[in-house]
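# Structural overview
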Amino acid sequence: MSKSLVVVESPAKAKTIKKILGRDYLVESSVGHVRDLPKKELGVDIENAFKPKYVRIHGKGKIVEALRESARQVDNIYLAADPDREGEAICWHLAEELKRTQKPIYRIVYNEITKGAILAAIQNPGQIDMALVDAQQARRVLDRLVGYQISPILWRSVKPGLSAGRVQSVAVRLICERETEIEAFKPREYWTVTATLSPFPEHPFLAKLHRIGRKKGEINQYGFLIDGARAQEITADAQEQTYIVDKVQNRERKQRPVPPFITSTLQQEASRKLRFTAKRTMLIAQQLYEGLEIGNEGAVGLITYMRTDSTRVSQEALRAAREYIKTKYGVEYLPARPVQYRSKKSAQDAHEAVRPTVPLRNPAALKRYLTQEQYRLYELIWMRFIASQMKPAVFDATTLDIKAGPYLFRATGSVMKFKGFRRVYMEGKDDDVTRAGGEKTAEAPDDVGETPANNPNLPAVKEGETLQLRSLVPKQHWTQPPPRYNEATLVKTLEAKEIGRPSTYASILSTIQERGYIKKEQGRLSPTDVGRLVNQLLIHGFPNIVDVEFTAQMEKQLDTVADGHVKWALMLREFYPPFQTALQEAPDKMYQARKAMETESDEVCEKCGAQMIVKWGRYGRFLGCGKYPQCQNIKRLNGDEAMDVEPQKTEHSCDKCGKPMVIKTSRAGTQFLACTGYPICKNAKPCPIGIDCPENECNGYIGERRTRRGKIFYGCSNYPTCKFSTWDKPIIQPCPQCKAPYLVEKTKITEGGAAVTTGIACNSKTCQYTQKANGT
């Protein structure tokens with residue numbers, strides 16, 4: 001019989017570890033958590049020290065029983081979930097389920113799924129770290145107390161189905177505040193003046209106006225807040241001046257490599273360079289971590305654990321990286337000693353940085369075994385790690401200051417004389433504009449590059465030398481509002497403000513979009529009307545819950561629980577009384593907030609002549625008559641444009657009362673057939689798209705419908721009698737192969753979250769007809 005059972009949370013990880021441990025071990029998967037708080041009740045005994053009520057997750061009964069059966073066949077049980085708070089909690093729940101087998105239960109921890117790491121973990125087993133379990137329990141209970149009790153208030157205040165997450169709500173607030181800042185922004189005119197100069201005709205170079213007297217340019221030091229007349233006046237005056245080299249500064253500048261990835265920087269860089277969402281990045285990283293089939297090697301873990309806030313690297317990995325650099329690039333690229341990086345003060349430092357498990361495993365050698373996405377992410381991780389242990393890049397930098405009467409022009413030049421780490425990797429950049437000290441600007445130049453153009457080959461000139469002015473060009477610019485967040489910059493901001501932790505960034509980003517609070521357009525995040533409404537209601541009803549500082553402080557308290565310094569029930573006991581008071585006062589505060597958000601519009605009610613008011617409803621903003629409830633006229637808003645909501649007549653008759661059916665438009669923008677006998681007859685059906693229901697003996701038709709979460713699907717008009725439905729959009733075109741009456745449009749979701757049509761296909765399960773979007 002097998003001597004030991006090893007339980008992990010992932011089938012893929014189980015496969016990789018089984019290959020390492022061999023036949024003396026049973027390696028099985030729990031497929032994630034096996035217990036959680038119940039879905040249909042609070043599940044927290046507030047009066048009994050916030051004791052959680054755990055129940056077995058639906059569908060996990062057979063898995064738990066199979067694990068118990070396996071446990072009975074072995075001498076020891078090793079719990080081997082991921083090495084973080086969530087993994088520790090999974091192990092604890094498994095231990096609670098398996099303890100009745102009366103077999104010894106151990107906890108093993110590893111940072112990478114390699115033979116050395118797994119065998120070392122097996123040889124040095126420990127016990128479950130209850131401080132980490134308590135930290136996870138505290139977070140889970142805290143989130144349940146907040147979400148489960150605030151959400152019903154939102155249902156009553158806005159619409160059913162909404163939810164409020166403790167950390168997600170803060171992320172929504174940040175995006176809403178950025179949008180408000182953008183809307184309130186007033187562009188300012190500024191001008192730059194660029195001179196083309198040369199010591200002799202064949203070596204012209206560019207210099208920009210940097211000072212007028214003692215006054216520097218207000219925008220990035222080279223943009224002056226003046227109007228066109230003043231710009232022309234300055235240009236005309238500068239045209240008459242003699243241009244003399246005032247100062248020549250030559251210096252060697254070094255650019256050092258960036259540290260290896262932590263979770264947040266991995267998500268940011270994958271967003272910038274690969275256009276991956278944070279959720280997609282973590283999914284692919286999980287695959288690389290858990291193991292992939294690599295030829296004769298079998299299943300191999302390619303990267304270390306990808307949820308980390310530490311830049312620490314093992315000595316063994318450093319030695320391997322240095323050996324690779326020396327062999328591949330030469331000793332001139334290798335620093336005298338391994339490069340060490342400091343983690344931020346708040347880092348838990350529980351794991352190493354995200355790096356390749358075997359630095360010698362070049363991405364090119366693995367390419368044929370990986371999907372395109374797996375290869376690109378592994379390549380990014382590998383390059384970043386190798387580059388982090390290389391010498392800095394070295395530049396010869398020159399700055400020329402040129403005096404022209406009261407004006408000072410500046411030119412810069414930079415020539416790379418040693419590539420260093422840049423031979424392998426260069427970090428991407430965000431488009432957030434900051435001042436020199438790192439302080440966020442309220443406005444940005446319309447061209448972030450409004451500094452002097454880099455002149456790679458500035459001519460050799462001497463101080464006091466007179467230069468020839470060849471041209472002088474003023475240029476108008478306008479300051480721009482701060483850019484909307486993308487996923488990379490939002491993760492960067494969350495990390496800087498200490499909101500969330502490495503394991504939560506991806507779920508925060510996906511959750512706020514799935515809930516419909518935030519939308520993504522061209523990679524940029526902006527709030528929906530519902531998101532803005534909910535944000536304002538939460539700010540007024542629960543100011544602490546959506547306060548950045550308060551949320552960051554809660555994260556620090558959770559860290560103290562994980563460190564074993566504070567009991568988790570004590571932390572919750574301090575949090576709950578003021579939260580309970582807020583729960584009682586929130587409905588009135590939310591109502592007042594909603595009324596305060598109403599504004600007058602330019603529209604006049606065509607029914608009574610009163611002024612129309614911009615109001616906020618369950619689907620966002622709309623126009624309502626100012627004499628409500630006497631006049632109940634409303635109009636939808638498409639952006640800032642009012643749209644009539646008068647129903648359209650049709651030839652259809654109600655199958656319940658016989659009255660005519662009309663086309664109405666829901667607040668969500670979906671058209672449907674409604675009986676004119678409303679409210680006596682409330683019959684409603686989807687609008688037909690010209691295709692009959694394919695089910696036998698059904699006389700219904702197919703129409704567009706929406707799920708409760710707003711996702712579009714296509715179903716039969718005779719629902720619930722006929723339950724035919726499909727996610728694919730039907731097309732009025734017979735199948736050329738099997739003569740089925742219609743085809744369906746196939747789509748896929750891109751990394752940016754957009755649906756892209758990939759082609760058309762037959763909906764019949766017995767027909768294989770497909771046609772790609774390119775016609776093949």
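Read on for an overview of the structure. Since this is a predicted model, take the numbers as computed values, not measurements.

## Observations regarding the packing of helix H9 (residues 278-290) against helix H14 (residues 505-514)
Describing two packed helices takes the angle between their axes plus the distance from one axis to the other. Viewed as axis vectors pointing N to C, H9 and H14 meet at an angle of 135°, and their least axial separation amounts to 8 Å. If you check the angle between H9 and H14, you find them oblique. Crossing geometry of H9 relative to H14 is assigned as left-handed. On the side of H9, the interface is formed by Ala278, Lys279 and Met282, while H14 contributes Ala506, Leu509, Ser510 and Glu514. Across the contact of H9 with H14, the residue classes break down as four nonpolar, one polar and two charged.

## Some points on the pattern of salt bridges
Following the criterion strictly, the structure yields 43 salt bridges and no others. A salt bridge links Asp82 to Lys13, with the shortest nitrogen-to-oxygen separation between them at 2.5 Å. A residue pair is termed long-range when its members are at least 10 positions apart, and Asp82 in the loop between strand S7 (76-79) and helix H3 (85-98) and Lys13 in helix H1 (residues 11-21) qualify at 69 residues. Per residue, the accessibility class of Asp82 equals that of Lys13, and both read buried. Measuring nitrogen to oxygen at the nearest pair gives 2.6 Å for the salt bridge that ties Arg280 to Glu373. In this pair, Arg280 sits in helix H9 while Glu373 sits in helix H12 (residues 372-388), placing the two residues 93 residues apart along the sequence. For Glu373, a relative accessible area of 23% translates into the label partly exposed. Shared partners join several salt bridges into a network, and the residues in it are Glu9, Lys13, Asp82 and Arg307.

## As for the pairing of strand S20 (residues 599-604)
Of the pairings in the sheet, the one linking S20 to strand S21 (residues 611-617) comprises three bridges and is antiparallel in character. The residue bridging Glu600 from the neighbouring strand is Ile613, located in S21. Taken together, S20 and the strand that follows it, S21, pair antiparallel across an intervening segment of six residues, in which Gly609 is found at a positive phi of about 85°.

## Some points on the packing of aromatic side chains
The final tally for this structure, using the stated rule, is 13 aromatic pairs. Seen in terms of ring centroids, Phe50 and Tyr576 are 5.7 Å apart; in terms of plane orientation they differ by 70°. Their pairing is edge-to-face. Taken as a pair, Phe50 in the loop between strand S4 (44-45) and strand S5 (51-52) and Tyr576 in helix H17 (residues 568-596) lie far apart in primary sequence, 526 residues in all. For Phe50, a relative accessible area of 5% corresponds to the buried category. With a centroid separation of 5.3 Å and 25° between ring planes, the pair formed by Phe575 and Phe579 is classed as stacked.

## What about the pairing of S21?
Side-chain direction in a regular strand flips from residue to residue, so the side chains alternate between the two faces of the sheet. Most of S21 is tucked away, with six of its seven residues classed as buried. Here six bridges tie S21 to strand S22 (residues 620-625), and the two strands are oriented antiparallel to one another. Note that in S22 the partner of Lys615 across the bridge is Phe622.

## Describing the sheet that holds strand S8 (residues 105-107)
Read from one edge of the open sheet, four strands run S2-S1-S7-S8, paired in parallel fashion. Edge strands, defined here as strands with exactly one partner in the open sheet, are strand S2 (25-29) and S8. Going from strand to strand, the sheet's axes swing by 25° on average, the running direction of each strand aside. Bridging between S7 and S8 involves three bridges; their strand directions are parallel. By the bridge assignment for S8, Tyr78 is matched with Tyr106. In this fold H1 packs onto strand S1 (4-8) and S2, with an angle of close to 170° to the strand it touches most, S2.

## Comments concerning the nonpolar core
If you look at the biggest cluster of nonpolar residues, it comprises 147 residues, and the most contacted ones within it are Leu79, Tyr110, Ile150, Leu377 and Phe542. Residue contributions to this core peak at eleven residues, all from H17. For Tyr110, the contacting residues outside a window of four places in its chain are Val8, Lys13, Ile17, Ala80, Ala81, Pro83, Ala117, Ile118, Ala121 and Tyr289. Val245, Leu400, Ile402 and Tyr407 belong to the second largest nonpolar core, which has 25 residues in total.

## Concerning unusual backbone geometry
Pro629 follows Tyr628 through a cis peptide bond whose omega is 10°. If you trace the backbone, Pro629 turns up in the loop between S22 and strand S23 (634-638). Cis geometry marks the peptide bond from Tyr719 to Pro720; its omega dihedral reads 10°. Relative to the helices and strands, Pro720 is located in the loop between strand S31 (712-716) and strand S32 (725-726). One non-glycine residue, Val31, adopts positive backbone phi at about 55°. Note on placement: Val31 falls in the loop between S2 and strand S3 (35-36). A residue is classified by how much of its surface remains accessible, and Val31, at 42% relative accessible area, is partly exposed. Notably, Gln221 is not glycine yet its phi reads approximately 70°, a positive angle. Tracing the sequence through the fold places Gln221 in the loop between strand S11 (215-216) and helix H7 (228-239). A relative accessible area of 35% places Gln221 in the partly exposed class.

## Quick notes on empty space enclosed by the protein
If a probe as big as a water molecule is rolled over the atoms, it shows which places are left empty. Summed over all chains, the structure comprises four cavities of 30 Å³ or more. Quantified by volume, the largest cavity comes out at close to 60 Å³. Elements with a contribution of two residues or more to the lining of the largest cavity: helix H6 (166-184) and helix H15 (529-541). Taken together, the residues that form the lining of the largest cavity break down as six nonpolar, five polar and one charged.

## Some details on the environment of Gly620
Inspection of the secondary structure assignment puts Gly620 in strand S22. Sequence separation of Gly620 and Arg532 is 88 residues, and the distance between their C-alpha atoms is 8.4 Å. Once residues lying within four places of it in the same chain are set aside, the contact partners of Gly620 are Asp529, Val530 and Lys615.

## Some points on the state of the cysteines
In this structure the tally under the stated criterion is zero disulfides. Just so you know, Cys738 is unpaired, no disulfide at all, and the nearest cysteine sulfur is the one on Cys762, 3.6 Å from it.

The rules behind each value
- Residues numbered from 1 in each chain as written.
- Predicted model: local features only at pLDDT ≥ 70, side-chain atom pairs only at ≥ 80, totals over all residues.
- Heavy atoms only, no water.
- Axes fitted to C-alpha atoms, helices over the stretch in contact; angles between N-to-C directions.
- Helix = DSSP H or I, 4+ residues; strand = E, 2+ residues; numbered from the N terminus.
- Parallel < 35°, antiparallel > 145°, perpendicular 65-115°, else oblique.
- Left-handed = near helix turned anticlockwise from the far one by under 90°.
- Contact = heavy atoms within 4.5 Å.
- Nonpolar A, V, L, I, M, F, W, Y, C, P; charged D, E, K, R; others polar.
- Salt bridge = Lys/Arg side-chain N within 4 Å of Asp/Glu carboxyl O.
- Buried < 20%, exposed > 50% of the residue type's maximum accessible area, 1.4 Å probe, protein only.
- Pairing = 2+ DSSP bridges.
- Phe/Tyr/Trp six-rings, centres within 6.5 Å; stacked < 30°, edge-to-face > 60°.
- Core = buried A, V, L, I, M, F, W, Y, C linked by side-chain atoms within 4.5 Å.
- 1 Å grid on protein atoms, 1.4 Å probe; cavity = no way out; pocket = protein on both sides within 12 Å on 5 of 7 lines; lining within 4 Å.
- Points joined across faces, edges and corners; volume = space filled by probe spheres on them.
- Disulfide = S-S within 2.5 Å.

So, to be careful, I would describe these as geometric facts and stop short of saying anything about function.
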